[in-house]
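Residue-level structural notes
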Amino acid sequence: MGPMAKYLLIIVLLLAGALNARDVNVQGVAASDADVARLTAQIEPAFSIVEKETGLSDDEGLTLIVAGGSKGFAELAARDGVGMNAEGVLGYAMPGARKIVLNMSGIRERQMEPIGVLRHEIAHLVMGASLRVAHQLWFEEGVAQYVESMALNELRESAGATPFVDFEGLDDLNAALREEARAGAAYIEAREVIRLIVETYGDRAFRKLMQALAGGEGPFAKAFETATEQALSEFDALWLKDYKARANDRTASFFRSEE
């Protein structure tokens, strides 16, 4: 291959990369240029982590709005029709609109790592765009928490959660995610549920479940049993036993530390 042909090949490859690049629109609303630039650089790595952990690929466009203040974030949430106490929320995703909004003030106040929150919301975006089977909130939030996988954020969440919250099963965990008094502990435990699925049945089974949900192979309980070869009700009992054992370990550790 001659020099001219090599240059033409490089140009073609560069053009192909540009054509295949995701359409990304990043906006800062009273946010620092440094925060906006850092998060912009982490968008593609975050999508890659979601694909690595779940097997779900996504190459569609994205609008990311980085709000520097909680008041501005609350105004954006109200404009988007997001029904929540927005000032206490770290971010939200709107899969239909291909939009993510982050609350930098809330993230800083809780001393969280913004990149982890970005991963979390991109996981919601990808699942919202990909999954075709109705699934419970514990699964949705658990996967987003699992994908986030930031040690600092897990530590901060654990420190802020109410310890020793009792759950009666996955349905109760689902209800707890909507209750202010139990939500902190429930969000942490939702991640542990997904970890238990992966540890018990393997990463391959977890990916098989995600692909079944993306392919519309429902309902959820049937897809779960097909992927893991165990009934969801049996896993419910397995998780509850595991949760209570971990709670007992924490209680024992607490009393030992007081001696």
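Here we summarise the structure given alongside this text. The model shown is predicted, which means the values in this text are computed figures rather than measured ones. (Residues numbered from 1 in each chain as written. Predicted model: local features only at pLDDT ≥ 70, side-chain atom pairs only at ≥ 80, totals over all residues. Heavy atoms only, no water.)

So, about the packing of helix H3 (residues 43-54) against helix H11 (residues 203-214). Close contact between H3 and H11 brings their axes to 8 Å; oriented N to C, the two are set at 110 degrees. By the angle class used here, H3 and H11 are roughly perpendicular. Contact residues: Glu51, Lys52, Glu53 and Thr54 in H3; Asp203, Phe206, Arg207, Met210 and Gln211 in H11. Residues belonging to the contact of H3 with H11 are distributed by class as follows: two nonpolar, two polar and five charged. (Axes fitted to C-alpha atoms, helices over the stretch in contact; angles between N-to-C directions. Helix = DSSP H or I, 4+ residues; strand = E, 2+ residues; numbered from the N terminus. Parallel < 35°, antiparallel > 145°, perpendicular 65-115°, else oblique. Contact = heavy atoms within 4.5 Å. Nonpolar A, V, L, I, M, F, W, Y, C, P; charged D, E, K, R; others polar.)

Here we come to the packing of aromatic side chains. Per the counting criterion, the structure on display carries twelve aromatic pairs. For the pair phenylalanine 73 and tyrosine 92, a centre-to-centre distance of 5.6 Å together with 55 degrees between the ring planes defines the contact as tilted. Separated by 19 residues along the polypeptide, phenylalanine 73 in helix H4 (residues 70-79) and tyrosine 92 in strand S3 (residues 91-94) bring together distant segments of the chain. A relative accessible area of 0% means that phenylalanine 73 is categorised as buried. By relative accessible area, which is 4% here, tyrosine 92 ends up buried. With 6.0 Å between their ring centres and 85 degrees between their planes, tryptophan 138 and phenylalanine 220 make a pair best called edge-to-face. (Phe/Tyr/Trp six-rings, centres within 6.5 Å; stacked < 30°, edge-to-face > 60°. Buried < 20%, exposed > 50% of the residue type's maximum accessible area, 1.4 Å probe, protein only.)

Among the secondary structure elements, glutamate 140 is positioned in helix H7 (residues 137-148). Sequence separation between glutamate 140 and alanine 190 is 50 residues; the distance between their C-alpha atoms is 8.7 Å. Filtering out sequence-adjacent residues up to four positions away, glutamate 140 remains in contact with His124, Met127 and His135.

Let us now look at the pairing of strand S2 (residues 62-67). Counting buried positions along S2 yields six of six residues, so the element is predominantly enclosed. Side-chain alternation along S2 places Leu62, Leu64 and Val66 on one buried face and Thr63, Ile65 and Ala67 on a second face that is also buried. For strand S1 (residues 24-29) and S2, the ladder comprises six bridges, and the chain directions are parallel. Bridge pairing in S2 links valine 24 to leucine 62. Pairing of S2 with strand S4 (residues 99-103), which is carried by five bridges, proceeds in the parallel orientation. Bridging across to S4, threonine 63 finds its partner in lysine 99. (Pairing = 2+ DSSP bridges.)

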